Amino acid sequence: PLSSPIYDVVFLSRNGEKAGRFKNIKVFEDLMSKANLSCKILDWHDWSKYVPKGVATPSYGDFNLPNFRIDAANRILSLGKIVLSDRMHAIILGMLMGKHVVALDNIYDKFKRLHDTFLSNYTSTELNLDFANSYEEAVEKIQKSIHNIV
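Description of the structure in this document.

Here we look at the packing of helix 3 (residues 88-96) against helix 4 (residues 110-119)
Interhelical geometry of helix 3 versus helix 4 gives an angle of 45° and a closest axis separation of 10 Å. Regarding the angle of helix 3 to helix 4, the classification is oblique. Like other packed secondary-structure pairs, helix 3 and helix 4 cross with a definite hand, here right-handed. In contact with Met88, Ile91, Ile92 and Met95 of helix 3, helix 4 contributes Lys110, Phe111, Leu114 and Leu119.

So, in structure tokens, the structure goes:
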């Protein structure tokens, strides 16, 4: 992580028609409020807002663009103590950053299948990873793990 967390949870969510079964963000916001947990909800499309001031954004084709975007993703995911996401790359990057991650899988179980293929030899504790099938289950898992995070 590039900075200390500001929120309990950063939720990197799909927006619009690709949101699948997790479209109603208001339900999640209400659950987080009732649990007295702070949260920042973003999409990858917000990445340019997390570029340090005065830094020029590389253009497409520039060999620095991938590193630039990874740095912006790191800044986004650093905002929360816990990463909640329905986006596979956010889940993987959050795990690589050592964050506790709660994965909301898409309707195709994309991340669950990736987990079962490549990560099934590791426990959830070793991976610092939980799966949730609903916002309610995600908030329960967040509440259980938030107190273990320093």
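Let us keep going from here.
Some thoughts on the packing of aromatic side chains
Evaluation of the coordinates by the stated rule reveals four aromatic pairs. With a centroid separation of 6.2 Å and 80° between ring planes, the pair formed by Phe11 and Tyr135 is classed as edge-to-face. Residue Phe11 is located in strand 1 (residues 7-12), and its partner Tyr135 is located in helix 6 (residues 135-146); the two are separated by 124 residues in the primary sequence. Looking at Phe11, the relative accessible area reads 0%, which means it is buried. On the basis of an interplanar angle of 45° and a centroid distance of 5.4 Å, the ring pair of Phe28 and Tyr135 is categorised as tilted. Note that Phe28 is positioned in helix 1 (residues 25-34) and Tyr135 in helix 6, a separation of 107 residues in sequence. Comparing Phe28 with Tyr135, the two get one shared label, buried. Among the aromatic residues, those joined into a ring-pair cluster are Phe11, Phe28 and Tyr135. When the ring centre of Phe131 is taken as reference, the NZ or CZ atom of Lys112 above it lies at 5.5 Å.

Regarding the nonpolar core
By size, the foremost hydrophobic cluster in this structure holds 28 residues, and its most contacted members are Ile76, Leu77, Met95, Phe111 and Leu129. Of all the elements in the fold, those that place two or more residues in this core are strand 1, helix 2 (65-77), helix 3, strand 4 (100-104), helix 4 and strand 5 (129-132). Broken down by element, the residue count for this core peaks at six residues, all from helix 2. Among all residues touching Leu77, those that are not within four sequence positions of it are Val10, Leu12, Val83, Ala90, Leu93, Gly94, Met97 and Lys99. Grouped together as the second largest cluster of nonpolar side chains are 17 residues, Phe28, Leu37, Leu84 and Ile146 included.

Quick look at helix 4
Here helix 4 has its buried residues at Phe111, His115 and Leu119. Axial view of helix 4: buried residues confined to an arc of 45°, hence all on one face. Residues of helix 4 that are buried make contact with helix 3, strand 4, helix 5 (124-127) and strand 5.

Reading the values: the criteria
- Residues numbered from 1 in each chain as written.
- Predicted model: local features only at pLDDT ≥ 70, side-chain atom pairs only at ≥ 80, totals over all residues.
- Heavy atoms only, no water.
- Axes fitted to C-alpha atoms, helices over the stretch in contact; angles between N-to-C directions.
- Helix = DSSP H or I, 4+ residues; strand = E, 2+ residues; numbered from the N terminus.
- Parallel < 35°, antiparallel > 145°, perpendicular 65-115°, else oblique.
- Left-handed = near helix turned anticlockwise from the far one by under 90°.
- Contact = heavy atoms within 4.5 Å.
- Phe/Tyr/Trp six-rings, centres within 6.5 Å; stacked < 30°, edge-to-face > 60°.
- Buried < 20%, exposed > 50% of the residue type's maximum accessible area, 1.4 Å probe, protein only.
- Lys NZ or Arg CZ within 6 Å of the ring centre and 35° of its normal.
- Core = buried A, V, L, I, M, F, W, Y, C linked by side-chain atoms within 4.5 Å.
- Arc of directions from axis to C-beta.

Shape is all these values report; function is a separate question.
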